[in-house]
Amino acid sequence: RSLPRDYPLPSCSGRTQLCDDELNDEWVSVPSGSEDFSYTHYRKNQYEESLFKCEDDRFELDMLIETNASTMRVMEGILEEL
């Protein structure tokens, strides 16, 4: 689905010309089917429930790993300056 024309796009100071040419700023993903959690009549079986929990846990772990890696990169830069 395309964003409305009057939707304010956030600015990004770190973008290059390549980013502007290649990254998507106009289209968004819209959940459908079992991904749409507003659909309350859908019942998940135990396997789907386990799959959703596993996906959530993996996403959380990926975020923690990336946060720590980012912090390490910043700290290494500060250590080199000392």
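In this report, the structure presented in the accompanying data block is examined. (Residues numbered from 1 in each chain as written. Predicted model: local features only at pLDDT ≥ 70, side-chain atom pairs only at ≥ 80, totals over all residues. Heavy atoms only, no water.)

**Some remarks on the overall build of the chain**
For the chain, the count of helices and strands is 2 helices and 0 strands. About 8,100 Å² of surface is accessible on the chain, with carbon and sulfur atoms providing 55% of the total. (Helix = DSSP H or I, 4+ residues; strand = E, 2+ residues; numbered from the N terminus. Areas by Shrake-Rupley, 256 points an atom, 1.4 Å probe, with all protein chains shown as cover.)

**Some details on the pattern of salt bridges**
With the rule as written, the count across this model stands at 4 salt bridges. Residue aspartate 20 pairs with arginine 15 through a salt bridge whose shortest N-O separation is 3.8 Å. Aspartate 20 sits in the partly exposed class, given a relative accessible area of 44%. With a shortest N-O distance of 2.7 Å, arginine 15 and aspartate 25 are connected by a salt bridge. In this pair, arginine 15 sits in the segment before α1 (17–22) while aspartate 25 sits in the loop between α1 and α2 (46–81), placing the two residues 10 residues apart along the sequence. (Salt bridge = Lys/Arg side-chain N within 4 Å of Asp/Glu carboxyl O. Buried < 20%, exposed > 50% of the residue type's maximum accessible area, 1.4 Å probe, protein only.)

**Points about α2**
An ideal rise of 1.5 Å per residue puts 52 Å on 36 residues; α2 measures up with 53 Å between its terminal C-alpha atoms. Sitting at the amino-terminal end of α2 is asparagine 45, which places a side-chain oxygen 2.9 Å from the backbone nitrogen of tyrosine 47. (Expected span 1.5 Å × (residues − 1). Polar contact = N/O pair within 3.5 Å; in protein donor to acceptor, adjacent residues only side chain to side chain.)

**Points about a nonpolar patch on the surface**
There is a patch of nonpolar side chains on the surface, built from Val74, Met75, Ile78, Leu79 and Leu82 and spanning about 560 Å² of accessible area. Of note, methionine 75 is situated in helix α2. (Patch = residues over 30% accessible without salt bridge, like charges linked within 9 Å, V, L, I, M, F, W, Y side chains within 5 Å.)

**Some remarks on the environment of aspartate 25**
Since its relative accessible area comes to 32%, aspartate 25 is described here as partly exposed. Once the C-alpha coordinates of aspartate 25 and leucine 3 are considered, the two residues, 22 residues apart in sequence, prove to be 8.5 Å apart. At 2.7 Å, the side chain of aspartate 25 forms a polar contact with the side chain of arginine 15.

Remember, this is a structural readout, not a statement about activity or role.
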